[in-house]
Amino acid sequence: MAAPLVVRRELFSLVNILGGISQLGPRGLGACSNHRKCSQTRFELLQRPNTFFHTAAYLSSTPFTITVTDEPDTLFQKVVVLVKAHDRAVLDSYEFFATMAAKELGITMGKVFEPPKDIERLTLLKSVHIYKKHRVQYEMRTHYRSIELLHVTGCTAQVYLEYIQRNLPEGVAMEVTKTAMEKIPDHILEPMWKDHPIDDKSSK
Amino acid sequence: MASFGSKVFLLLGRTNVSGVGYRKTGNRATYATALTVNSSSTNKARGGKGSTGRRPKRGTGEPRTEKMALDQDWTSVYPAATPFRANAVPLPLRMGYPVKRGIPPEKKGNLELIKIPNFLHLTPAAIRKHCEALKPFCTEWPSALDTDAKCDELFPVKIQSTDYVSAGPSIRNPSARVVHMKVKLSSLNLDDHARKKMLKLVGDRYCKDSDILTIKTESCPLRQQNYDYAMYLLTVLYHESWKIEPWEAEKTRADMEEYSWEDSTSQKNILDTLLRINATGEGEEAEVREQLLGREEVLEYKDSVETLKNEEPSESNMLRYKEAVRKVLKVWQ
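So, how was this worked out
Along each chain, the written sequence defines residue order, and numbers are assigned to residues from 1. Both sets of labels track the order of writing: A upward for chains, 1 upward for ligands. Reporting in this predicted model follows two pLDDT cut-offs: at least 70 for local features of residues, and 80 or more for side-chain atom pairs to be given and counted; totals over whole chains, interfaces and linings ignore these cut-offs and use all residues. Only hydrogens and water are removed before side-chain values are computed, so all heavy atoms of the structure are retained for them. UniProt positions are given in the numbering used here, feature names are shortened, and annotations may be inferred rather than shown by experiment. The term salt bridge refers to a side-chain nitrogen of Lys or Arg lying within 4 Å of a carboxyl oxygen of Asp or Glu. A helix here means a DSSP run of H or I that spans at least four residues, while a strand means a run of E at least two residues long, and both kinds are numbered starting from the N terminus. Each residue is assigned to one of three classes by its accessible area relative to the maximum for its type, calculated with a 1.4 Å probe on protein chains only: buried under 20%, partly exposed between the two thresholds, exposed over 50%. In this analysis, axes come from line fits to C-alpha atoms, helices being fitted only over the stretch in contact, and the angle between any two N-to-C directions falls in the range 0 to 180 degrees. Put simply, angles under 35 degrees are roughly parallel, angles over 145 are roughly antiparallel, angles from 65 to 115 are roughly perpendicular, and the rest are oblique. Less than a right angle of anticlockwise turn of the near helix away from the far helix marks a crossing as left-handed, whereas a clockwise turn marks it as right-handed. Only heavy atoms matter for contacts: two residues are in contact if any of them lie within 4.5 Å across the pair. Each residue gets one label: Ala, Val, Leu, Ile, Met, Phe, Trp, Tyr, Cys and Pro are nonpolar, Asp, Glu, Lys and Arg are charged, and the others, such as Gly, are polar. Residues forming no salt bridge and having over 30% relative accessible area are the ones grouped into patches, like charges within 9 Å of each other and nonpolar side chains (Val, Leu, Ile, Met, Phe, Trp, Tyr) within 5 Å. Surface accessibility follows the Shrake-Rupley procedure with a 1.4 Å probe radius. Residue values consider only the protein chains on display as shielding. Accessible area that two parts lose when put together, with a 1.4 Å probe and added across both, is what the buried area reports. For the purposes of these results, a polar contact is taken to be a pair of N or O atoms within 3.5 Å, where, inside protein, one atom must be able to donate a hydrogen and its partner to accept one; residues adjacent in sequence count only when each atom of the pair is a side-chain atom.

For chain B, an unreviewed UniProt entry supplies the name Mitochondrial ribosomal protein S35 and the organism Poecilia latipinna.

Looking at an unreviewed UniProt entry, chain A carries the name Small ribosomal subunit protein uS10m, with the source organism given as Poecilia latipinna. As its UniProt record puts it under Subcellular location (unreviewed entry), chain A is described as follows: "Mitochondrion". Quoted verbatim from the Sequence similarities (unreviewed entry) heading of the UniProt record, the comment on chain A is "Belongs to the universal ribosomal protein uS10 family."

Looking at the pattern of salt bridges
A full pass over the atoms with the stated rule returns 24 salt bridges over all chains. For glutamate 114 of chain A, the salt bridge identified is with arginine 145 of chain A, shortest N-O distance 3.9 Å. You can see glutamate 114 of chain A sitting in the loop between β4 (108–113) and β5 (118–125) and its partner arginine 145 of chain A sitting in strand β6 (residues 135–153), a full 31 residues away along the chain. Residue classification places arginine 145 of chain A among the buried residues on the basis of a relative accessible area of 5%. Across the pair lysine 115 of chain B and glutamate 112 of chain B runs a salt bridge, and its minimum N-O distance is 3.1 Å.

Brief notes about the packing of helix α11 (residues 296–310) of chain B against helix α12 (residues 315–329) of chain B
Geometry of a packed helix pair, given as the angle between the helix axes and the separation of the axes. All names here are of chain B. Between α11 and α12, the shortest axis-to-axis distance is 9 Å and the interhelical angle comes to 155 degrees. On the basis of the axis angle, α11 is roughly antiparallel to α12. Seen along the crossing, α11 lies across α12 with a hand that is left-handed. On the side of α11, the interface is formed by Glu297, Val298, Glu300, Tyr301, Asp303, Ser304, Val305, Thr307 and Leu308, while α12 contributes Asn317, Met318, Arg320, Tyr321, Ala324, Val325, Lys327 and Val328. Here the residues of the contact of α11 with α12 are counted per class, giving nine nonpolar, three polar and five charged.

A short note on the side chain of glutamate 148 of chain A
Tracing the backbone shows glutamate 148 of chain A in strand β6. For glutamate 148 of chain A, the contacting residues outside a window of four places in its chain are Lys78, Val79, Val80, Thr108, Met109, Gly110 and Lys111 of chain A.

Digging into a nonpolar patch on the surface
Residues and elements named next belong to chain A. Together, Leu122, Leu124, Tyr138 and Met140 make up a nonpolar patch on the protein surface, roughly 360 Å² of accessible area in all. At the level of secondary structure, the elements contributing two or more residues to the nonpolar patch comprise β5 and β6. Along the polypeptide, leucine 124 turns up in strand β5. Leucine 124 sits in the partly exposed class, given a relative accessible area of 40%.

Structural notes on the interface of chain A and chain B
Interfaces are often sized by the amount of accessible area the parts lose when they come together. Contact with chain A, which involves 78 residues of that partner, is made by 71 residues of chain B. Buried area between chain A and chain B, summed over both chains or domains, comes out near 6,700 Å², and the portion from carbon and sulfur atoms is 67%. Counting across the interface, chain A meets chain B through two salt bridges. Between lysine 178 of chain A and aspartate 163 of chain B there is a salt bridge whose closest N-O contact spans 3.2 Å. Viewed at the interface, chain B and chain A are joined by 22 residue pairs in polar contact (both at pLDDT 80 or more). The dominant element in the side of chain A that touches chain B, judged by the number of residues it contributes, is strand β7 (residues 173–182) of chain A, at ten residues.

Some thoughts on the environment of methionine 256 of chain B
All names here are of chain B. Note on placement: methionine 256 falls in the loop between α8 (223–242) and α9 (265–277). Exposure remark for methionine 256: the relative accessible area of 31% places this residue in the partly exposed category. It is 9.3 Å that separates the C-alpha atoms of methionine 256 and lysine 196, two residues lying 60 residues apart in sequence.

A look at the packing of helix α5 (residues 88–105) of chain A against helix α5 (residues 124–134) of chain B
Taken N-terminus to C-terminus, the directions of α5 of chain A and α5 of chain B make an angle of 40 degrees; their axes are 9 Å apart at the nearest point. As the angle between them shows, α5 of chain A and α5 of chain B are arranged oblique. The handedness of the crossing between α5 of chain A and α5 of chain B is right-handed. Contact residues: Phe96, Phe97, Met100, Ala101, Glu104 and Leu105 of chain A in α5 of chain A; Pro124, Ile127, Arg128, Cys131 and Leu134 of chain B in α5 of chain B. Residue classes in the contact of α5 of chain A with α5 of chain B are distributed as nine nonpolar, no polar and two charged.

Right under this line is the structure:
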């Protein structure tokens, strides 16, 4: 069967969607801890009238345009999301959120497991001057959580990852490893020497 | 205007707002403490409620949780990531380490609850709402590619790259430019000579057990550049391995990848030995040699020697060789 062409959908603005659904108010925005989106959302929301606050009419009033292009979608065989934090409880909640989001969006999940934690310890001198025998020890614990998604298209991966990353709590880092599949490029299918043979001597 | 400085209010929000209004007239400092301090000069300007100039302290009133209905829409109470507000969360939470013979402190004014990131804005109802809105932007996975085997057959080239998200002075991470490209050599159009030459060119990057060639590119500063370089390398390797150079004709036995028994010292030795054992002198030597080669024991000996040389030596291989030698030399013990 020929390779199926999956059209690519452009994301209009994820901020608009989240702003619309969650009905962000100026109060919620002021205390927004996510620095990345703060300035962007504030500018957009100040333009919206406050009368549309907390009403369902807000959603239907602004239609989100979905543009479909003919560019073939990338296919990801595996997307592995590794989250790192200093608190195990935060990672538990985040894992629940990520797995539920994947289920709602219809993404098949592979393994969801917890790699063993890393503890980095330092031993420092307790006093500013002398007293070598008296030290103090600190440690930094990094807990991990790994979520594997299988058979994701490029558009779905972009949507899911952006959603996940915008809701990443403070103090949590993420590494996303994507394995994309591709066909063999056309110029590798046949050797180019067949039409123009260089040497006819035997190899061995 | 007179200095506003020491006039303070209970609520933080108020302080900020009034600070903005009076900022233009000189330096002032707004403090947020729970005490009201007397200020003599602003009395006349304000014309405040009391004759003493003190605004009566406003009570806090009952917390919002008392007015919350049981079936309210929680997604509108916590629409986005916000710190924990004890007055807005109708849960009897306690957090903190209890002092001796005590219980964990209550939620009112609890710093531990404010410090930890909360997921109150991501309740299942909120997630469902978000996903409903995100659904139109997702695309379906093609149904014909359900198994890994089909994917490998149609799309053999795998490109692996990593993205990093963390808080810090910069959102860039230099490790994000690394690209790993994995191909199975069996999916490329290579003949015997081309495959052997490709393996020699590639060296360590090939894994014999899984038949996967891995090309890791990190020399370029951008991921797109590294990807293009990896594809370029694959193209060059492929075409070079099909090329037959004139000096390849000088390939000696030592350059061979695998041990082959034909025309080897082992074959010469065994044939000489057998000829000497059966020294009858009839017929040509070449015919006798061919006859000997066709014999079953000699073929078995050939197999055992080849397995010993090509694969890792093990107990079973050695035993097989021993049995083969016994049969060829007809030594029964």
